[in-house]
Amino acid sequence: MPDVFGRRRMAGKVVLITGAARGIGAGVARRLAGQGATLALVGLEGDELRAVAAECGPDATAWEADVTDWAALRTAVDGIVTRYGRIDVVMANAGIAAAGFIRSIDPAAFERVIEVDLLGVWRTVRVCLPALIASRGYCLVVSSMAAVAHIPGNAPYNAAKAGVEAFANTLRAEVKHLGVDVGVAHPTWIATDMVNSADEHPVFGPLRKAMPAAVGRTYSLAYAVDHFERGIVRRARTIHIPSSLLLVKLLRALLPPIIERGSRSIVPAADTASLADVTERGAAQKPPR
């Protein structure tokens, strides 16, 4: 019999996770492997990806592919289906971020975030859909609190994650009759390399630290993985991390003016500092992973 979270239902399931070399993707992979799932990990950083796969058991595999590359994704997914015969769960998790104000951010960095975080999700889902339809599986698309609360200095990530949420909601209505369930996850600030790198940014780290504790708190990776695990085994429609983020979502129409008013005292100085930082270090700063 399954335990209170239904974890034994993951035994024998083939789970594909993109962006699984580190952070949330790696953490969820390890957790689901511990519940008997077979992991197929897709992403860049081949050495790290293979190391995570090694921790996930002898049947786990690593597949190097950029989610912005149609051919590489098709090759990886075809290989996974050939290897295991099926895909039961897809977690479209790969993502990057780039801090900067719209008037000074490097255009290439802005567009790369959209390319990975939004178009990468679309490409991943499109390539995996035939296998998910065949298995009547579950697709989890990773959005963010940024889809709901659009803070300054985060425009490409905000836009991409809002698009991801809209994409998942549309997909859910389109594939329900085919037996495929679709979930969308909204994590807030989680202690990953991406968030840690943002905190180290000379301009946007202090900007984030100035946020009210209620919206700026960073949660542990283990806490996030707990929520993801429960959501995946339940084939959840939504995963909010923390759960109270659901209330924030319900009040989202009120957030833009609240954020605007709250930003008045800190954005002018940060905008000036950002221009100075671009002058000193250049606009093309490597986005955090």
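Structure: above.
Below is a short write-up of the structure. Once a new chain begins, its residue numbering starts again from 1 and follows that chain's sequence as written. Since the coordinates come from a predicted model, pLDDT governs what is reported: local features require at least 70, and pairs of side-chain atoms require 80 or more to be given and counted, while whole-chain, interface and lining totals use all residues. Side-chain numbers here rest on the full set of heavy atoms in the structure, without hydrogens or water.

Some remarks on the pattern of salt bridges
1) Next: The working definition used for a salt bridge is a side-chain nitrogen of Lys or Arg within 4 Å of a carboxyl oxygen of Asp or Glu. Evaluated as defined, the whole model comprises 12 salt bridges.
2) Next: Of the charged contacts, one joins Arg50 and Asp47 as a salt bridge, the two residues approaching to 2.9 Å between their closest N and O atoms. Separated by three residues within a single helix, Arg50 and Asp47 lie in helix 2 (residues 46-55), roughly one turn from each other.
3) Next: The rule is simple: take the accessible area with a 1.4 Å probe, protein chains only, and divide by the maximum for that residue type; under 20% is buried, over 50% is exposed, in between is partly exposed. On the basis of relative accessible area, Arg50 is assigned to the partly exposed category, the value being 41%. Counting from the N terminus, the helices are the DSSP runs of H or I reaching at least four residues and the strands are the DSSP runs of E reaching at least two.

Structural notes on the packing of helix 4 (residues 107-135) against helix 5 (residues 155-175)
1) Next: Taken N-terminus to C-terminus, the directions of helix 4 and helix 5 make an angle of 15 degrees; their axes are 8 Å apart at the nearest point. Classed by the angle they form, the pair helix 4 and helix 5 counts as roughly parallel. Of the two elements, helix 4 crosses helix 5, and the hand of that crossing is right-handed. Residues Phe110, Val113, Ile114, Asp117, Leu118, Val121, Trp122, Val125 and Leu129 of helix 4 pack against Ala155, Pro156, Tyr157, Ala159, Ala160, Lys161, Gly163, Val164, Phe167, Leu171 and Val175 of helix 5.
2) Next: Residue classes in the contact of helix 4 with helix 5 are distributed as 17 nonpolar, one polar and two charged. A fitted line through C-alpha atoms serves as each axis, taken over the contacting stretch for helices, and the angle formed by two N-to-C directions is quoted from 0 to 180°. Put simply, angles under 35 degrees are roughly parallel, angles over 145 are roughly antiparallel, angles from 65 to 115 are roughly perpendicular, and the rest are oblique. For a crossing to be left-handed, the near helix must be turned anticlockwise from the far one by less than a right angle; the clockwise case is right-handed. Whether two residues are in contact is decided by their heavy atoms, any of which lying within 4.5 Å being enough. Each residue gets one of three labels, nonpolar for Ala, Val, Leu, Ile, Met, Phe, Trp, Tyr, Cys and Pro, charged for Asp, Glu, Lys and Arg, and polar for the others, Gly among them.

Thoughts on unusual backbone geometry
1) Next: The peptide bond linking Ile241 to Pro242 adopts the cis configuration, its omega dihedral lying at 5 degrees.
2) Next: Residue placement: Pro242 occurs in the loop between strand 7 (238-241) and helix 10 (245-250).
3) Next: Here Glu45, not a glycine, exhibits a phi torsion of approximately 55 degrees, which is positive.
4) Next: Inspection of the secondary structure assignment puts Glu45 in the loop between strand 2 (38-43) and helix 2.
5) Next: The class of Glu45 is partly exposed, set by a relative accessible area of 24%.
6) Next: One non-glycine residue, Arg235, lies in positive phi territory at about 55 degrees.
7) Next: Locating Arg235 in the fold gives a position in the loop between helix 9 (221-234) and strand 7.

What about the packing of aromatic side chains?
1) Next: Pairing of aromatic rings covers Phe, Tyr and the six-membered ring of Trp, with a centre-to-centre limit of 6.5 Å; geometry is then stacked below 30 degrees between planes, edge-to-face above 60, and tilted otherwise. Across all of its chains, the model carries two aromatic pairs by this definition.
2) Next: Each ring, one from Trp70 and one from Trp122, has its centre 5.6 Å from the other, and the planes form 85 degrees; the classification is edge-to-face. On the criterion of sequence distance, the pair formed by Trp70 in helix 3 (residues 70-84) and Trp122 in helix 4 is long-range, its members being 52 residues apart.
3) Next: Assessed through its relative accessible area of 32%, Trp122 is described here as partly exposed.
4) Next: Aromatic pair Tyr219 and Tyr223: ring centres 5.1 Å apart, planes at 20 degrees, arrangement stacked.
5) Next: By relative accessible area, which is 12% here, Tyr219 ends up buried.

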